[in-house]
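Structural overview
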Amino acid sequence: MEESILLIYTGGTIGMVLNEDLGLLEPFNFDNLLKQIPQLQKFDAHINTISVEVPKDSATMRFKDWVELGQLIFDNYYSYSGFVVLHGTDTMAYTTSALSFMFSNLRKPIIFTGSQLPIGEVRTDAIENVLTSIELALLKEKGRPLINEVCLYFGNQLFRGNCVTKISSENFNAFVSPHCPVLATSNIKLEVNKSLLMSNKGSLLFSSELGSSVFVYKIHPAISKDQFEKVCEFVKFKVLIIESYGAGTVFLENWFVKNLEMLISKGIFVINVSQCVFGKVDFLYESSKVLLDSGLISSGSMTLEAVITKSMHLLAKNLKSKEFKTQFLTNTAKELC
Ligand code: ASP
């Protein structure tokens, strides 16, 4: 089969242009984007392009956009050697995490990229990001795609899609993967860390169902009993993600722990995630061990994006409490490094 890539445009800074009247950046026509990268013709592969109907600032994306995007890739899966998705950077790590759980047994690459500067700007980072993403998507080993998973390429690095998080709105290196080493680096040579790549067997599965009853609550020293009780009482959610400190620690007031225990006894899944980008939840301290004893689920080394999207994926399965916990703790898409 001749090599072919489907390049999907969803929006983001990469394709934005300044609306002089409003002084704001807004998405522009995808045809203009292609005119900016004449090097696309140099690939020894067919590059077909498709744009979503209404390109978006990724901040305005909702989870139904993940489902539509996943469905588009699923419908075209057998017609292409790989997929490159142009996406805004703000929520790109959420989309890559979500798709990594929605697809199982991928045997082709789905590589997301975007840029910090619009493609028309002289110093844009878009051109390198797009061209290298395509090159990575075309890599082969023994006649098969080398990359078989959802990835994010940005600032010369290829990241696993469910291990990455955005840390800068200003630097060209906007993303980090706090626990999983980068899968590939683009210098003069493309250096791929093959031992880290996923190799999948079995037939492709795409699950388009997602639950959305997930609430994230960030711990800080000024939280009052009254405020926390109101949250526990009034917010209707099935998953409560507690953003704790450091290695998963929280303050130890009785009312806090008792309220969490009450939620857990009602069948709500309470998950502990660290506020530290480079922090793993590790029940080392008394102030974190107490949570484990109360039935909190540890997110280990998962990013917040992975925790939210994995929870949404599991909620759609309507699992019993024990099974939800077991599946949450299982390293299904290499999200736990
Ligand atoms: N707000 C833009 C977006 O996420 C930022 C970007 O693409 O860098 O769509």
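Everything quoted here is computed from the prediction, not taken from an experiment.

1. Comments concerning the nonpolar core
In terms of nonpolar packing, the biggest core is built from 45 residues, with Ile73, Leu99, Ile110 and Phe175 touching the most fellow members. For Ile110, the residues in contact, after removing those within four places along its chain, are Ile73, Phe83, Val85, Phe103, Glu149, Val150 and Cys151. Listed in part, the 31 residues of the second largest apolar core include Tyr9, Ile37, Ile47 and Ile134.

2. Considerations on the site of the ligand
As a matter of local geometry, the ligand sits amid Gly12, Thr13, Asp57, Ser58, Gly88, Thr89, Asp90, Ser115 and Gln116. Within the side chain of Asp57, an N or O atom sits 2.9 Å from a nitrogen atom of the ligand. Interatomic distance of 2.8 Å between a side-chain N/O atom of Asp90 and a nitrogen atom of the ligand. A total of 260 Å² of accessible area belongs to the ligand in isolation, and the protein chains cover 90% of it. Considered class by class, the residues forming the shell around the ligand number no nonpolar, seven polar and two charged.

3. Notes on the sheet that holds strand β10 (residues 150–154)
The sheet built from eight strands is open, its strands ordered β4-β1-β5-β7-β10-β11-β14-β15 with mixed pairing. Two strands in the sheet have a free side with no partner beyond their single neighbour: β4 (46–56) and β15 (190–192). Strand-to-strand twist of the sheet, defined as the mean angle between neighbouring strand axes without regard to direction, takes the value 20°. Where strand β5 (residues 82–86) lies against strand β7 (residues 110–113), four bridges are found, and the strand directions are parallel. In the strand pairing of β7, Val84 is matched with Ile111. Here helix α2 (residues 63–76) sits on the sheet and contacts β1 (4–11), β4, β5 and β7; the angle it forms with β1, its principal contact strand, is near 165°.

4. Quick word on the packing of aromatic side chains
One pass over the full model with this rule turns up 15 aromatic pairs. Taken together, the aromatic side chains of Tyr217, Phe228, Phe251, Trp255 and Phe256 make up a single cluster linked through ring pairs. A cation over a ring is seen here: Lys108 above Tyr77, with NZ or CZ 4.8 Å from the ring centre.

5. Brief notes about the sheet that holds strand β20 (residues 297–298)
One open sheet accounts for four strands, arranged β17-β18-β19-β20; its pairing is parallel. Each having just a single partner strand, β17 (214–218) and β20 make up the two edges of the open sheet.

6. Thoughts on unusual backbone geometry
Positioned with a positive phi, Asn105 is a non-glycine residue whose angle comes to about 60°. Secondary-structure assignment places Asn105 in the loop between β6 (103–104) and β7. We classify Asn105 as partly exposed; its relative accessible area is 25%. Although it is not a glycine, Lys142 sits at a positive phi angle of roughly 50°. On the accessibility criterion, Lys142 (82% relative accessible area) is exposed.

7. Examining the environment of Ser168
As for its placement among the helices and strands, Ser168 is situated in the loop between β12 (165–166) and β13 (175–176). When the C-alpha atoms of Ser168 and Asp90 are compared, they prove to be 9.6 Å apart, with 78 residues separating the residues in sequence. If near-sequence neighbours (up to four positions away) are discounted, Ser168 is found in contact with Gln116, Asn173 and Ala174. Among the polar contacts made by the side chain of Ser168, one reaches the main-chain amide nitrogen of Glu170 at a distance of 3.0 Å. A distance of 2.8 Å separates a polar atom in the side chain of Ser168 from the backbone nitrogen of Asn171.

8. Details of the pattern of salt bridges
Taken as a whole and assessed by the stated rule, the structure comprises nine salt bridges. Arg160 serves as the salt-bridge partner of Glu149, at 2.6 Å between the closest nitrogen and oxygen. Here the residue Glu149 occupies a position in the loop between β9 (144–145) and β10, and Arg160 occupies one in strand β11 (residues 157–160), the gap between them amounting to eleven residues. Classification of Glu149 as buried rests on a relative accessible area of 3%. Residue Arg160 is classed as buried on the basis of its relative accessible area, which comes to 3%.

The rules behind these values
- Residues numbered from 1 in each chain as written.
- Predicted model: local features only at pLDDT ≥ 70, side-chain atom pairs only at ≥ 80, totals over all residues.
- Heavy atoms only, no water.
- Core = buried A, V, L, I, M, F, W, Y, C linked by side-chain atoms within 4.5 Å.
- Buried < 20%, exposed > 50% of the residue type's maximum accessible area, 1.4 Å probe, protein only.
- Contact = heavy atoms within 4.5 Å.
- Near = heavy atom within 4 Å.
- Polar contact = N/O pair within 3.5 Å; in protein donor to acceptor, adjacent residues only side chain to side chain.
- Areas by Shrake-Rupley, 256 points an atom, 1.4 Å probe, with all protein chains shown as cover.
- Nonpolar A, V, L, I, M, F, W, Y, C, P; charged D, E, K, R; others polar.
- Pairing = 2+ DSSP bridges.
- Helix = DSSP H or I, 4+ residues; strand = E, 2+ residues; numbered from the N terminus.
- Axes fitted to C-alpha atoms, helices over the stretch in contact; angles between N-to-C directions.
- Phe/Tyr/Trp six-rings, centres within 6.5 Å; stacked < 30°, edge-to-face > 60°.
- Lys NZ or Arg CZ within 6 Å of the ring centre and 35° of its normal.
- Salt bridge = Lys/Arg side-chain N within 4 Å of Asp/Glu carboxyl O.

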